[in-house]
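An overview of the molecular structure
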Amino acid sequence: MVNHSLHEHLPSVAARVRNAGHVLLGLDFDGTLSPIVEDPSKAELSLETQDIIKALAAIPGISVAIVSGRSLQDVRGRVGIDGLIYAGNHGLEIHGPGLSYLDPTAVKARRALGWLAAALTKGLSQITGVIVENKSLTLSVHCRQVAIEDRETVFRHVQAAAAVAPDCFRISVGKLVYEVCPQAHWHKGSAMRWIDGQIGRQNTLTLYLGDDRTDEDAFRTLAHGITVKVGEPCETAATYHLDSPASVREFLYWLASLNQQGGQP
Ligand SMILES: [Mg+2]
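Treat the numbers as computed from the prediction; the structure is a model and nothing was measured.

Residue pairs spaced three or four apart in an α-helix point in one direction, given the helix's 3.6 residues per turn. Compared with the 20 Å implied by 1.5 Å per residue over 14 residues, the 20 Å span of helix H5 (residues 110–123) between its first and last C-alpha is a close match. Considered for burial, the residues of H5 that qualify are Ala 112, Leu 113, Leu 116, Ala 117 and Leu 120. Take H5 and look down its axis: the buried residues cluster within an arc of 140°, on one side only. Seen from the open side of H5, the exposed residues pointing more than 90 degrees away from its buried face are Arg 111, Trp 115 and Lys 122. On its buried face, H5 sits against strand S7 (131–134), strand S8 (139–142), helix H6 (148–163), strand S9 (169–173) and strand S10 (177–182).

This part takes up the sheet that holds S9. Across the sheet, 4 strands lie side by side as S7-S8-S10-S9; this open sheet has antiparallel pairing. Each end of this open sheet is capped by a strand with a single partner; those strands are S7 and S9. When the angles between neighbouring strand axes are averaged without regard to direction, this sheet yields 20°. One ladder, built from 4 bridges, connects S8 with S10; its direction is antiparallel. Within S10, the position partnered with Leu 139 by the bridge is Val 180. Along the sheet, H5 makes contact with S7, S8, S9 and S10, crossing S7 at roughly 165°. Against the sheet, H6 touches S8, S9 and S10, its axis set at about 160° to S9.

Before going further, it helps to examine the coordination of the magnesium ion. Looking at the metal site, the magnesium ion is ligated by Asp 28 (OD), Asp 30 (O) and Asp 211 (OD), spaced 2.1 Å from it. Along the chain, the residues donating to the magnesium ion are arranged with the sequence spacing D-x1-D-x180-D. Residue Asp 28 is located in the loop between strand S2 (22–27) and helix H2 (47–57), and its partner Asp 211 is located in the loop between strand S11 (204–210) and helix H8 (213–221); the two are separated by 183 residues in the primary sequence.

Reading guide: rules and limits
- Residues numbered from 1 in each chain as written.
- Predicted model: local features only at pLDDT ≥ 70, side-chain atom pairs only at ≥ 80, totals over all residues.
- Heavy atoms only, no water.
- Helix = DSSP H or I, 4+ residues; strand = E, 2+ residues; numbered from the N terminus.
- Expected span 1.5 Å × (residues − 1).
- Buried < 20%, exposed > 50% of the residue type's maximum accessible area, 1.4 Å probe, protein only.
- Arc of directions from axis to C-beta.
- Contact = heavy atoms within 4.5 Å.
- Pairing = 2+ DSSP bridges.
- Axes fitted to C-alpha atoms, helices over the stretch in contact; angles between N-to-C directions.
- Donors = N, O, S within 2.8 Å, 3.2 Å for Na, K, Ca; no water.

Laid out in structure tokens, this is it:
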């Protein structure tokens, strides 16, 4: 699907926001709020972005959910704002004011995931730069610092490891990261829909911004809302496009300014 520059469609977005009874704003973290960095442990939120998210979350008609592939604890620490809704591990764990979710299938697969992480750490120990990260409910194998010629080998190892328990795990490929997730019928889009239901407001407009393949589940699930793919233009289920985390920040300022102009929310 060819998507449209969000900048060119702000008037229609403004009209939908003003007509909504409530706005649920879903934001991915890496590559959406924070630029992608070589070492994922170094990713951080700028103070400016943190401030504008705080300002949006303080508006009564807006709920903000951070939806990340990182563990809930990790992403909550990096965003550092109390009172938001946080969905970690691609939505398998959710926590926020008055709401809490932990996916039962993912919990059951925890022990097997631990074995898989140990096997991969051992199996990939000879490959420089690879990072195996057990996030308790899902597992990431980061390849950003792996030589290009070794990346295929890493992928084959991940495939072989997950194939030991094919009914338990599936692999998704992100931006130089392989994600091993439990076979739960749950993803970032399900998480957003669940959060929407828990908030329980009438006439809620959902906005969702993300940059990676796992965000496509949310774009498809939330097609009735406003979906924004961040990064280079590419094939996506999102309706709109923004080019970078800096553009996302500008959009968030604009969204907050709608409220200051006296519109709804
Ligand atoms: Mg991302």
